[in-house]
Amino acid sequence: MSQNNTGPDRPRVAVVFGSPSDTQTMSKAGATLERFGVPYEQVSLSAHRAPRTLAEYVGQLRARDISVVIAGAGLAAALPGAVAALTTLPVIGVPISGGALDGMDSMLAIAQMPPGVPVATVGLNNSTNAAILAIQILALADPDLSLKLAAFKDDFEQAAADALSTVSAAAGAQP
């Protein structure tokens, strides 16, 4: 288990994934959280290979002021559900592609949790959206973060409008 606390602030989000091979996919969540100034920690911890260590880690999250967990996993994708079973914190699952079914197994495993053990699920390999959802959850109680999120959404919409006008102008400028 390796932890990476960013900055002097205590982490608010835990980014957890089952294997070091998932680091590249899950690093996009960290980059997005950094963009918004949200402190996080990143941990590689397997639900199958280290279940007792996982239970101990998850059991300490609330006491350490972690508010949201982003959990990425491929194949059987047990990690997000195992985390959700061990905590009342919101858990966002990121299915990671790979294996014989190229991620569909992980997508279904994360989405099809039993009643009482919810895991919000984003698209395949989309840890960026997981981070945005975590930020939206945190922004409910954080006015400064809410303002940053609103500005992000406005910028996102403006960039889409600019791209559309560029395409429209190019289509209208025929020789």
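Cut-offs used in this document
- Counting restarts for each chain: residues are numbered from 1 in the order of the written sequence.
- Selection of residues for local features in this predicted model requires a pLDDT of at least 70, selection of side-chain atom pairs for listing and counting requires 80 or more, and totals for whole chains, interfaces and linings are taken over all residues.
- Side-chain measures were taken over the full set of non-hydrogen atoms in the model, leaving aside hydrogen atoms and water.
- Every axis in this analysis is a line fitted to C-alpha atoms, fitted for helices over the stretch in contact. Angles between the N-to-C directions lie between 0 and 180 degrees.
- The helix count covers DSSP runs of H or I at least four residues long, the strand count covers runs of E at least two residues long, and both are numbered beginning at the N terminus.
- Crossings are sorted by hand: turned counterclockwise from the far helix by less than a right angle, the near helix makes the crossing left-handed, and turned clockwise it makes it right-handed.
- Contact definition: two residues touch when any of their heavy atoms are within 4.5 Å.
- What is meant by a nonpolar core is a set of buried Ala, Val, Leu, Ile, Met, Phe, Trp, Tyr and Cys residues, joined one to another through side-chain atoms within 4.5 Å.
- When accessible area is computed with a 1.4 Å probe and restricted to protein chains, residues below 20% of their type maximum are described as buried, those above 50% as exposed, and intermediate ones as partly exposed.
- Two strands pair under a simple rule: DSSP has to find at least two bridges between them.
- Under the rule applied, a polar contact is a pair of N or O atoms within 3.5 Å (in protein, one hydrogen donor and one hydrogen acceptor; residues adjacent in sequence only if both atoms are side-chain atoms).
- Pairing of aromatic side chains requires ring centres within 6.5 Å, counting the rings of Phe and Tyr and the six-membered ring of Trp. Pairs whose planes differ by under 30 degrees are stacked, by over 60 edge-to-face, and all others tilted.
- As a per-residue measure, pLDDT tells how confident the predictor is, with possible values from 0 to 100.

A. The arrangement of the packing of helix H1 (residues 23-35) against helix H5 (residues 127-139) in detail. Axis separation between H1 and H5 bottoms out at 7 Å; the angle between their running directions is 35°. With respect to the hand of their crossing, H1 and H5 are arranged in right-handed fashion. Residue-level inspection shows Thr25, Met26, Lys28, Ala29, Thr32 and Leu33 of H1 in contact with H5, the latter providing Ser127, Thr128, Ala131, Ile132 and Ile135.

B. Summary view of the nonpolar core. Membership of the largest hydrophobic core comes to 25 residues, with the highest contact counts inside it found for Val13, Val15, Leu33, Phe36, Val38 and Ile70. When residues of this core are traced back to their parent elements, those giving at least two are strand S1 (13-17), H1, strand S3 (68-74), strand S4 (91-96), H5 and helix H6 (143-172). Contact partners of leucine 33, with chain neighbours within four places excluded, come to Val13, Val15, Val38, Tyr40, Ile70, Ala131 and Ile135.

C. Spotlight on the sheet that holds S4. An order of S2-S1-S3-S4-S5 is seen for the five strands of this open sheet, with the pairing classed as parallel. The sheet terminates laterally at strand S2 (40-44) and strand S5 (120-121), the two strands that pair on one side only. The pairing of S1 with S2 spans five bridges and is parallel. Residue pairing in the sheet places valine 15 in a bridge with glutamine 42 of S2. Where H1 meets the sheet, it contacts S1, S2, S3 and S4, and its direction lies at approximately 170° from that of S1.

D. Spatial organisation of the side chain of threonine 32. Position of threonine 32 among the secondary structure elements: in helix H1. Here lysine 28 takes part through its backbone oxygen, which lies 2.9 Å from a polar atom of the side chain of threonine 32. Not counting chain neighbours up to four residues away, the residues in contact with threonine 32 comprise Thr128, Ala131, Ile132 and Ile135.

E. View of unusual backbone geometry. Positive phi outside glycine occurs at alanine 77, with the angle close to 50°. Turning to its location among the elements, alanine 77 is positioned in the loop between S3 and helix H3 (78-86). On the basis of relative accessible area, alanine 77 is assigned to the buried category, the value being 6%. Located in the positive-phi region is asparagine 125, a residue other than glycine, with phi close to 65°. Within the secondary structure, asparagine 125 sits in the loop between S5 and H5.

F. The packing of aromatic side chains, seen in detail. Under the criterion given, the structure shown has two aromatic pairs. Between phenylalanine 152 and phenylalanine 156, the ring centres sit 5.9 Å apart and the planes meet at 25°, which makes this aromatic pair stacked. Note that phenylalanine 152 and phenylalanine 156 are positioned in helix H6 at a spacing of four residues, about one turn of the helix. Under the relative-accessibility criterion, phenylalanine 152 is labelled buried at 16%. A network of ring pairs unites the aromatic residues Phe36, Phe152 and Phe156 as a single cluster.

G. Representation of the confidence of the model for the protein in the model. When pLDDT is averaged across the protein, the result is 91; 90% of the residues are at 70 or more. The low-confidence segment residues 1-7 (pLDDT under 50) makes 21 contacts with residues lying over four places distant or belonging to another chain.

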